[in-house]
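Overview (structure and organization)
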Amino acid sequence: MLNSTGFIGKMFVFLLLITTPVAIVAIWLVSQGLLPAEYAVLLILTPVGPGVLIYNRLLRETTVLSHRIEHEASAPLFGHLLPGSIRSGLLPVNDLLLAIQQYRRSMQNLFKEARSHQDDAILLFNLLPDPVLVLDQKRRISRFNSAARNFFSADLAETDLTAYLRHPSLIKAVDAALGGEIESQVVEFKMAGSVGRYIEAHVTQIPGDGGKDLRVILTLHDLTTAKKTEQMRVDFVANASHELRTPLAILIGAIETLQGPAATDREAQARFLSMMHAQSRRMSQLIDDLLSLSQIEMNEHARPSDQVDVTDVLRRVVGLITTRASDLGKTINVMAPEEPLLVSGDKDQLAQIFTNLVDNALKYGKENTAVSIFLTRSEKSIAVSIIDQGEGIPSEHIPRLTERFYRVDSDRSREMGGTGLGLAIVKHIVSRHRGQLEIDSELGKGSRFTIHLPALVI
Ligand code: ADP
């Protein structure tokens, strides 16, 4: 609002400014004898009337203008501008108004730009794959991204960090950053909980105004998978060496015996040679399995594209394995529809899956039992079930059977010539074919291994 205090005083100054030059001229004319004194007074009073009128007019115009400015300033930035122009007289009110409206438009543009930058920043913040938290001076979570919300499955706003993470080394680093003792630190820790997760936390200080009000940005990087992969690699090397060392030790022992105590004992020689033969075969089988596993893994991303009839592949495998089945006193029954069951696949790899599964069913099935194989087709997939009548597998082992070298009974597996890699190979081939492996087992009754493959629609 226009401040109208001192209105009279201000008008008086205004009138003084108008009348002063007239008064000076009148006094000069009187002093020259050109004008009588009474006319001089009249002359001096002449501009007072128009002066008051002009002053009031100016006052009104500035009041209207100030109201408009006040309205523009207090209205929401993106609200409507007041339409039309102001009736003006003495002052260039409309020009001023136009300038204000232009200023307002440029403010709107600046604001829009700032808002779009802010939206981009929020979007990027939420698209970050790693959980990110911003902590205030009191270690409370003031901001967090979508990854953080998913990671903790909670709305973290305004909660103390220790409600979710309380590892001492992390809290120490956060406090040190908030206290200005460090600028950044990386802390690695294992999260408490049933499924322990390995986390690498980056604690970084956000400087506040004048070095005060420090905040911290906390980025969490889940290392669990990387650690697991590293552990698997270490375990794999250890297991593979162990698997090779055992037959090698037997071979070395047998050779030394043949060179020494059994050098002349033909019966012992035959026994040791047959043992050496079995161990060499075991090593060779192990190396074959390792090589095929690494080759399958290398091509796992590339789905095979040949058109393959699963029934045909399975019948060939069964044909080759029947002799081994009868050696073990077992039979194999195949129940399959007459028409071809087509999939997009790799014939040799599918044969390898069936060989491994039927071989296991024969190895782990009880004596004089049958292995049954069912081939069925649904609208979208083809299922091959291999069912044995063995001891079955305790349920706690089932999820781990496809890990390399994982065995329920290692001695029994080795005794049967197993390498512990058969089901790992099956899993990778099935995954390459975009299929699924299902394992069901009942203790004392037997096991069923089912492969589901996407059917080829021609
Ligand atoms: P292996 O060479 O030891 O047979 P696999 O990877 O083929 O290795 O199988 C892993 C383990 O799973 C086996 O050692 C065995 O304990 C178990 N297993 C696999 N198939 C069967 C089955 N049909 N019945 C019972 N146990 C099985």
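Data block above holds the structure.
Quick summary incoming for the structure in this document. (Residues numbered from 1 in each chain as written. Predicted model: local features only at pLDDT ≥ 70, side-chain atom pairs only at ≥ 80, totals over all residues. Heavy atoms only, no water.)

What follows concerns the nonpolar core. Membership of the largest hydrophobic core comes to 47 residues, with the highest contact counts inside it found for Ile 332, Ile 353, Phe 354, Ile 373 and Ile 386. Of all the elements in the fold, those that place two or more residues in this core are α8 (266-299), α9 (310-327), α10 (347-364), β9 (370-377), β10 (381-387), α12 (422-432) and β12 (446-454). Each of two domains, domain 3 (228-302) and domain 4 (304-458), supplies a minimum of three residues to this core. (Core = buried A, V, L, I, M, F, W, Y, C linked by side-chain atoms within 4.5 Å. Buried < 20%, exposed > 50% of the residue type's maximum accessible area, 1.4 Å probe, protein only. Helix = DSSP H or I, 4+ residues; strand = E, 2+ residues; numbered from the N terminus. Domains from an automatic or database assignment.)

Turning next to the packing of aromatic side chains. Tallying each qualifying case throughout the model produces five aromatic pairs. With a centroid separation of 4.9 Å and an interplanar angle of 80°, the aromatic rings of Phe 151 and Phe 152 are classed as edge-to-face. The burial state of Phe 151 is the same as that of Phe 152; both residues are buried. Taken together, a centroid distance of 5.9 Å and an interplanar angle of 35° make the contact between Phe 236 and Phe 405 tilted. Of the two residues, Phe 236 is situated in helix α7 (residues 224-259) and Phe 405 in the loop between β10 and α11 (410-415); the sequence distance between them amounts to 169 residues. Under the relative-accessibility criterion, Phe 236 is labelled partly exposed at 23%. Since its relative accessible area comes to 9%, Phe 405 is described here as buried. When the ring centre of Phe 151 is taken as origin, the NZ or CZ atom of Arg 197, which lies over that ring, is 4.2 Å away. (Phe/Tyr/Trp six-rings, centres within 6.5 Å; stacked < 30°, edge-to-face > 60°. Lys NZ or Arg CZ within 6 Å of the ring centre and 35° of its normal.)

Attention now goes to the side chain of Asp 289. Among the structural elements, Asp 289 can be located in helix α8. Look at Asp 289: it is buried, it has no salt bridge, and the nearest opposite charge is Lys 363 at 8.0 Å. Apart from residues lying up to four places away in sequence, Asp 289 is in contact with Thr 419, Leu 421 and Ile 425. (Lys, Arg positive; Asp, Glu negative; His and termini not counted. Salt bridge = Lys/Arg side-chain N within 4 Å of Asp/Glu carboxyl O. Contact = heavy atoms within 4.5 Å.)

Another aspect to go through is the site of the ligand. Residues in close proximity to the ligand total 19 residues, the closest being Asn 360, Tyr 364, Asp 388, Ser 413 and Leu 423. Between the ligand and Tyr 364, the relevant distance is 2.8 Å, taken from an oxygen atom to a side-chain nitrogen or oxygen of the residue. In the model, a nitrogen atom of the ligand is placed 2.8 Å from a nitrogen or oxygen of the Asp 388 side chain. Here the ligand has 530 Å² of accessible area as a free molecule, and 96% of this is covered by the chains. (Near = heavy atom within 4 Å. Polar contact = N/O pair within 3.5 Å; in protein donor to acceptor, adjacent residues only side chain to side chain. Areas by Shrake-Rupley, 256 points an atom, 1.4 Å probe, with all protein chains shown as cover.)

All right, on to the sheet that holds β9 then. Strand order across the open sheet formed by five strands is β7-β9-β10-β12-β11, with mixed pairing between neighbours. Only two strands of the sheet have a single partner each, and these edge strands are β7 (331-335) and β11 (436-442). Direction aside, neighbouring strands of the sheet carry axes that sit 15° apart on average. Note: β10 against β12, seven bridges, orientation antiparallel. Within β12, the position partnered with Ser 385 by the bridge is Thr 450. Strands in contact with α10 are β7, β9, β10 and β12; relative to β10, the strand with the most contacts, it is inclined by about 30°. (Pairing = 2+ DSSP bridges. Axes fitted to C-alpha atoms, helices over the stretch in contact; angles between N-to-C directions.)

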